[in-house]
Amino acid sequence: MRRRRKYLDQRQSDNHERWLVSYADFMTLLFAFFVVMYALSSLNEGKYRVLSESLTGAFGSKAPARIAPAPPPPPPPPLPRGLPPRPVIRPADPQAMQREQMRGIAQDILKVLDALVRNGQVRVTQSNRGISVEINASVLFDSGQAQLRAQSGRALQEVGRVLANAEQGIQVEGHSDDAPISTSQFPSNWELSAARASSVVRLFAESGVAESRLSVVGYGPNRPVTSNDTPEGRARNRRVTVLILAETPGKVVEIPLGGSAPVR
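Residues numbered from 1 in each chain as written. Predicted model: local features only at pLDDT ≥ 70, side-chain atom pairs only at ≥ 80, totals over all residues. Heavy atoms only, no water.

Observations regarding the packing of helix α7 (residues 150-164) against helix α8 (residues 189-206)
Across the interface, α7 lies against α8 with an axial gap of 8 Å and an inter-helix angle of 60°. Put simply, α7 runs oblique to α8. Handedness of the crossing formed by α7 with α8: right-handed. Facing Gly153, Leu156, Gln157, Val159, Gly160 and Leu163 of α7, the residues of α8 in contact are Val200, Leu203 and Phe204. (Axes fitted to C-alpha atoms, helices over the stretch in contact; angles between N-to-C directions. Helix = DSSP H or I, 4+ residues; strand = E, 2+ residues; numbered from the N terminus. Parallel < 35°, antiparallel > 145°, perpendicular 65-115°, else oblique. Left-handed = near helix turned anticlockwise from the far one by under 90°. Contact = heavy atoms within 4.5 Å.)

Here we look at the pairing of strand β5 (residues 239-245)
Look at any regular strand and the pattern is simple: side chains alternate between the two faces of the sheet. In terms of burial, β5 is largely enclosed, as six of its seven residues are buried. Sheet analysis places strand β2 (residues 130-136) next to β5, joined by seven bridges and oriented antiparallel. Along β5, the bridge assignment pairs Glu134 with Thr241. (Buried < 20%, exposed > 50% of the residue type's maximum accessible area, 1.4 Å probe, protein only. Pairing = 2+ DSSP bridges.)

Observations concerning the nonpolar core
Counting residues in hydrophobic clusters, the biggest one holds 33 residues, and the most contacted among them are Val133, Leu163, Val200 and Phe204. Counting only elements with at least two residues in this core, the list comes to α4 (94-112), β2, α6 (137-140), α7, β3 (170-175), α8 and β5. At five residues, α8 tops the list of elements feeding residues into this core. With residues near it in sequence (within four places) discarded, Leu163 still touches Ile105, Ile109, Ile170, Phe204, Val209, Arg213, Val242 and Ile244. (Core = buried A, V, L, I, M, F, W, Y, C linked by side-chain atoms within 4.5 Å.)

What to know about α4
Look at α4: 27 Å from first C-alpha to last across 19 residues, which is about the 27 Å you get at 1.5 Å a residue. Listed in full, the buried residues belonging to α4 are Gln98, Met102, Ile105, Ala106 and Ile109. Buried residues of α4, viewed axially, fall in a sector of 100°; they line one side. Opposite the packed face of α4, turned more than 90 degrees from it, sit the exposed residues Met97, Glu100 and Lys111. (Expected span 1.5 Å × (residues − 1). Arc of directions from axis to C-beta.)

Description of the sheet that holds β3
Across the sheet, five strands lie side by side as β1-β2-β5-β3-β4; this open sheet has mixed pairing. If you trace the sheet from one side to the other, it starts and ends with β1 (122-126) and β4 (214-220), each paired once. Mean inter-strand twist for the sheet, computed between neighbouring axes without regard to direction, equals 15°. When β3 meets β5, the two strands line up antiparallel, connected through six bridges. When the sheet's bridge partners are listed, Val172 is paired in β5 with Val242. Contacting β1, β2 and β5, α4 crosses the sheet at an angle of about 170° to β1.

Encoded structure:
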């Protein structure tokens, strides 16, 4: 009887201590779970190694294979040596573009009036105002007349076709020598020079140049290019100048009654 009671006491004591094993297993699993969660929150190679060793020591299993980090992208290949530097793209200069365009117009006019240029009866120059085509009046008109000759009219028509493709304004200027004239049609050199310039403008309009681009100025004998003391000088001063105006827009300045002028 005593032996049976002693066996029962020993069995009951064993049953009371068995829960410690289950509790220890549960705590181990819980610790491993928190370790895994912490490692996943900030995964890197060092933490992954610590986690692998901890799991290996806790469960006695083989550590999983190490996750290799992705290799960095290869650097771009270097440029071959000896290549010329890339050109620097600069904004276009409006004035430079305008000068090139005006120079092209002058070249076209020179081709049309090539024979007259070679004879010295036509001069083409370029300045800040634009392209100036100076034509001797003896090529275009009879003495004291403002009606264009047939042959010269055909040459001016070619010039008009060149100017019709441009966009610049065109000012035709009439000039005379200082020899006075007094006829029923032209009381003075003012009327004669203006009438000759008007004849050229009328021909340009018939050749396709927009009339809004054309203007007429008669200077008479007041702007000679040389002395009127010789017949050659007077012949040079009798001329018609076709001026292709450069488009150089400026600021509009209003002049007040007093003080400095405001700029708009």
